[in-house]
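Take a look at the letters that make up each chain.
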2 protein chains.
Amino acid sequence: MHRFKISELGRNVFWLKGPEREHLVRVLRLAVGDQIIGFDNSGAEYKAVINKIEDQSVTCGIMEQDYPEVEARTQVYLAAGLSKGEKMEWVIQKGTELGMAGLIPLRTKRAVMKLEGSKAKDRVERWQKISSEASKQSHRVREPKLFPVSDWKELKTLLPSTTQWLIPYESEKTKTLQSVLRNFSPQEPIALLIGPEGGFDESEVLWAQENLQAQSVSLGPRILRAETAAIATLTLVLGHYGDLG
Amino acid sequence: MHRFKISELGRNVFWLKGPEREHLVRVLRLAVGDQIIGFDNSGAEYKAVINKIEDQSVTCGIMEQDYPEVEARTQVYLAAGLSKGEKMEWVIQKGTELGMAGLIPLRTKRAVMKLEGSKAKDRVERWQKISSEASKQSHRVREPKLFPVSDWKELKTLLPSTTQWLIPYESEKTKTLQSVLRNFSPQEPIALLIGPEGGFDESEVLWAQENLQAQSVSLGPRILRAETAAIATLTLVLGHYGDLG
């Protein structure tokens with residue numbers, strides 16, 4: 001059954017507007033009487049029937065409300081150094097399927113890509129769309145939050161003060177991810193700092209250790225590309241706490 | 001230091017030919033006296049200096065031989081349903097970085113892509129190149145083996161009889177990957193059966209359970225795309241046995 005993000009929720013009814021309405025009418029060509037699933041990022045999922053299709057909205061009658069256990073219990077965020085377009089997009093798509101809670105695009109010293117002002121805002125909007133699509137495809141009921149492009153100093157203000165920060169780092173040879181995770185609490189958010197294509201500058205790692213109490217960890221002896229490190233670390237953290245089967 | 005696959009190994013010397021020679025001369029424009037690293041898929045790595053550049057080969061003098069502990073201890077193979085070009089390529093690239101031992105491209109019922117005859121052979125050659133490149137980039141000393149495009153019935157003949165088969169499957173609701181891995185031996189090969197874009201047909205899962213004693217496992221409640229399932233399962237298996245830090 002096709003899934004839609006609810007534009008407005010009423011009593012026993014919801015409405016789809018804008019691009020969600022367009023998609024239902026023009027792409028999927030659904031009609032009055034067809035059944036769909038709506039979600040509103042509250043954690044709920046609504047089985048509904050299309051009642052009315054109008055120029056500005058589609059009205060759907062709710063038949064059933066459910067709270068599926070589809071979201072990861074541990075909130076894992078990615079704070080990922082800006083990488084060239086396609087790589088970031090795939091981290092967002094894969095990260096959403098796997099169950100990340102959100103993503104912070106991070107400005108770093110060695111980043112090839114610079115993003116400022118309205119260009120940054122447009123890009124984040126595009127990323128949010130990719131994440132919304134992947135949320136539907138993977139049957140999530142809460143879309144990951146896409147944060148604005150941020151600097152190191154802003155990180156602390158974006159996530160709760162109880163957030164536990166992790167930073168995979170090539171020069172870390174002793175501490176493994178698994179050993180660090182044993183001392184983390186899965187009840188509090190975890191944020192993964194992932195370098196850009198050229199990796200983090202040493203001063204950035206030191207800054208994160210000092211200011212975020214970030215734990216640097218090794219992902220083993222093979223050199224991973226930035227985007228591979230992002231997805232692998234996310235997978236290992238979610239897997240560690242039983243959030244991937 | 002740039003890394004090259006050795007074409008021929010002698011005593012205290014090796015030669016680079018064909019595309020490896022081309023890459024060194026034309027793309028990287030290295031010269032006599034420059035240092036490089038060579039590997040020959042034996043597990044060894046050779047630090048060497050360029051002694052002579054000729055039309056057909058580059059001669060390199062070995063200065064140092066090393067056996068770096070860079071390869072995963074557990075041999076994990078992917079048997080992946082054929083998916084459209086780009087997705088397979090990225091599974092091969094990411095799988096190589098993470099440490100897979102090899103990949104079997106598998107013909108499945110729901111595959112959109114068909115590959116037969118010389119087209120299949122060309123494609124595997126292209127995939128082997130992607131894997132070789134990723135091996136260099138991640139500093140591996142053994143390239144993953146790319147098997148020919150295969151049918152279900154051939155699987156048994158390709159890997160050792162002690163291979164332990166795993167099949168992530170949406171309809172498996174109880175057995176988790178972690179619980180199954182606790183009963184596997186990391187000393188014997190593990191092969192992951194990953195569906196194509198449309199997933200496996202139920203009859204294929206039954207066949208694998210019966211004929212390969214494959215264990216079906218759940219990857220949790222979120223629906224993963226085929227390529228995401230491949231990379232996530234590989235990461236979780238390697239992580240479980242301590243092969244990712």
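For clarity, every value in this text was computed on a predicted model and none was experimentally measured.

## Describing the overall build of chain A
When helices and strands are tallied, chain A shows seven helices and twelve strands. Radius of gyration (C-alpha) of chain A: 20 Å, near the 18 Å computed for a compact globule of 245 residues. When its C-alpha atoms are laid out on the principal axes, chain A stretches across 60 × 40 × 30 Å. A buried classification covers 54% of the 245 residues belonging to chain A. The contacts in chain A between residues at least 6 apart in sequence include a share of 71% that link residues at least 24 apart.

## Points about the domain arrangement of chain A
All names here are of chain A. The domains assigned to chain A are domain 1 (3-66) and domain 2 (76-240). The centre of domain 1, based on its C-alpha atoms, is set 33 Å off from the matching centre of domain 2. Between domain 1 and domain 2, the contact holds ten residues from the first and seven residues from the second. Interface area for domain 1 against domain 2, summed over the two sides, is near 820 Å², with a carbon-plus-sulfur share of 45%.

## Concerning the UniProt feature "domain: Ribosomal RNA small subunit methyltransferase E PUA-like" (unreviewed entry) in chain A
Within this numbering scheme, the UniProt entry marks residues 16-62 of chain A as carrying the feature "domain: Ribosomal RNA small subunit methyltransferase E PUA-like" (unreviewed entry). The distance separating the terminal C-alpha atoms of residues 16-62 of chain A is 13 Å; by composition the span is 21% helix and 47% strand.

## Quick word on unusual backbone geometry
The phi dihedral of Asn41(A) is positive, around 65 degrees, even though this residue is not glycine. Note on Asn41(A): relative accessible area 29%, which makes it partly exposed.

## A word on the interface of chain A and chain B
Counting residues at the interface gives 36 residues for chain A and 36 residues for chain B. Taking both sides of the interface into account, the surface hidden between chain A and chain B amounts to around 3,000 Å²; carbon and sulfur atoms contribute 56%. The largest share of the area that chain A buries against chain B comes from Arg222(A), Ile223(A) and Arg225(A), three residues that together contribute 23% of it. Remark: the boundary between chain A and chain B carries four salt bridges. As a salt-bridge pair, Glu227(B) and Lys94(A) come within 2.7 Å of each other at their nearest N and O atoms.

## Regarding helix H2 (residues 85-98) of chain B
Residue and element names in this part refer to chain B. In this model, H2 (14 residues) spans 20 Å end to end at C-alpha, consistent with the 20 Å of a helix rising 1.5 Å per residue. Burial within H2 is extensive, with ten of its 14 residues counted as buried. Three or more residues of H2 are buried, namely Met88, Glu89, Trp90, Val91, Ile92, Lys94, Gly95, Thr96, Glu97 and Leu98. At the exit of H2 stands glycine 99, carrying a positive phi of roughly 120 degrees.

## Observations regarding the pattern of salt bridges
Overall, the coordinates contain 32 salt bridges over all chains when judged by the stated rule. Glu97(A) is the partner of Lys94(A) in a salt bridge, and the nearest nitrogen-oxygen pair spans 3.7 Å. Of this pair, Lys94(A) and Glu97(A) are both found in helix H2 (residues 85-98), three residues apart, which corresponds to roughly one turn of the helix. Judged by its relative accessible area of 0%, Lys94(A) falls in the buried class. Classification of Glu97(A) by relative accessible area gives buried; the value is 0%. Ionic pairing is found between Lys136(A) and Glu133(A), a salt bridge with its closest N-O pair at 3.8 Å. A residue pair is termed a helical-turn pair when its members lie 3 or 4 positions apart in one helix, as Lys136(A) and Glu133(A) do in helix H3 (residues 117-137) at three residues. Shared partners join several salt bridges into a network, and the residues in it are Lys94(A), Glu97(A), Arg225(B) and Glu227(B).

## Considerations on the pairing of strand S3 (residues 13-17) of chain A
All names here are of chain A. Two elements, strand S2 (residues 8-9) and S3, share two bridges in a ladder whose sense is antiparallel. The residue of S3 that forms the bridge with glutamate 8 is tryptophan 15. Hairpin connection of S2 to S3: three residues between the antiparallel strands, including asparagine 12 at a positive phi of 60 degrees. Bridge count between S3 and strand S6 (residues 57-66): five bridges; the pairing is antiparallel. The partner of phenylalanine 14 across the bridge, within S6, is cysteine 60.

## Some thoughts on the sheet that holds strand S12 (residues 215-217) of chain B
Residues and elements named next belong to chain B. Strand order across the open sheet formed by six strands is S9-S8-S7-S11-S10-S12, with parallel pairing between neighbours. Of all strands in the sheet, those bounded by a partner on one side alone are strand S9 (145-146) and S12. Sheet topology note: the strand S7 (residues 76-81)/strand S8 (residues 102-106) ladder contains five bridges and is parallel. Within the sheet, the bridge partner assigned to glycine 81 lies in S8 and is leucine 106.

## Here's the deal with the relation of the copies chain A and chain B
The operation relating chain A to chain B is a screw motion whose rotation component is 180 degrees, with 0.0 Å of axial translation and a residual RMSD of 0.0 Å. Interpreted geometrically, this transformation is the action of a two-fold axis. Ranked by how close their C-alpha atoms come to the rotation axis, the residues of chain A are headed by Leu236(A), at 3.1 Å. Mapped onto chain B, 100% of the interface residues of chain A are again interface residues, and the two copies thus contact each other with one and the same surface.

## What about the packing of H2(B) against helix H3 (residues 117-137) of chain B?
Residue and element names in this part refer to chain B. Between H2 and H3, whose axes approach to 8 Å, the crossing angle comes to 35 degrees. In this structure, H2 meets H3 at a crossing whose hand is right-handed. Of H3, the residues touching H2 (which contributes Gly85, Met88, Glu89, Ile92, Gln93, Thr96 and Glu97) are Arg123, Arg126, Trp127, Ile130, Ser131, Ala134, Ser135 and Gln137. In the contact of H2 with H3, the residues fall into five nonpolar, six polar and four charged.

## Quick look at the packing of aromatic side chains
By convention here, two paired aromatic rings are described through the distance between centres and the angle between planes. All names here are of chain A. Under the criterion given, the structure shown has nine aromatic pairs over all chains. Taking 6.2 Å as the distance between ring centres and 65 degrees as the angle between the ring planes, the aromatic pair formed by tyrosine 77 and phenylalanine 147 counts as edge-to-face. Of this pair, tyrosine 77 sits in strand S7 (residues 76-81) while phenylalanine 147 sits in the loop between strand S9 (145-146) and helix H4 (155-158); the two residues are 70 residues apart in sequence, bridging distant segments of the chain. Neither residue differs from the other here; tyrosine 77 and phenylalanine 147 are each classed as buried.

## Quick notes on the sheet that holds strand S3 (residues 13-17) of chain B
Residue and element names in this part refer to chain B. Spatially, the six strands line up as an open sheet ordered S1-S4-S5-S6-S3-S2, and their pairing is mixed. A single partner strand is all that each edge strand has here, and the edge strands are strand S1 (3-5) and strand S2 (8-9). In the sheet, strand S5 (residues 45-53) pairs with strand S6 (residues 57-66) via eight bridges, with the strands oriented antiparallel. Looking across to S6, one finds that alanine 48 is bridged to isoleucine 62. Sheet contacts for helix H1 (residues 18-27): S1, S3, strand S4 (35-39), S5 and S6; angle to S3, the most-contacted strand, approximately 90 degrees.

Rules behind the numbers
- Residues numbered from 1 in each chain as written.
- Chains lettered and ligands numbered in written order.
- Predicted model: local features only at pLDDT ≥ 70, side-chain atom pairs only at ≥ 80, totals over all residues.
- Heavy atoms only, no water.
- Helix = DSSP H or I, 4+ residues; strand = E, 2+ residues; numbered from the N terminus.
- Rg over C-alpha atoms; globule rule 2.2 N^0.38 Å.
- Buried < 20%, exposed > 50% of the residue type's maximum accessible area, 1.4 Å probe, protein only.
- Contact = heavy atoms within 4.5 Å.
- Domains from an automatic or database assignment.
- Buried area = accessible area lost by both parts, 1.4 Å probe.
- UniProt positions renumbered as here; feature names shortened; annotations may be inferred.
- Salt bridge = Lys/Arg side-chain N within 4 Å of Asp/Glu carboxyl O.
- Expected span 1.5 Å × (residues − 1).
- Pairing = 2+ DSSP bridges.
- Least-squares fit on C-alpha atoms with pLDDT ≥ 70 in both.
- Axes fitted to C-alpha atoms, helices over the stretch in contact; angles between N-to-C directions.
- Left-handed = near helix turned anticlockwise from the far one by under 90°.
- Nonpolar A, V, L, I, M, F, W, Y, C, P; charged D, E, K, R; others polar.
- Phe/Tyr/Trp six-rings, centres within 6.5 Å; stacked < 30°, edge-to-face > 60°.

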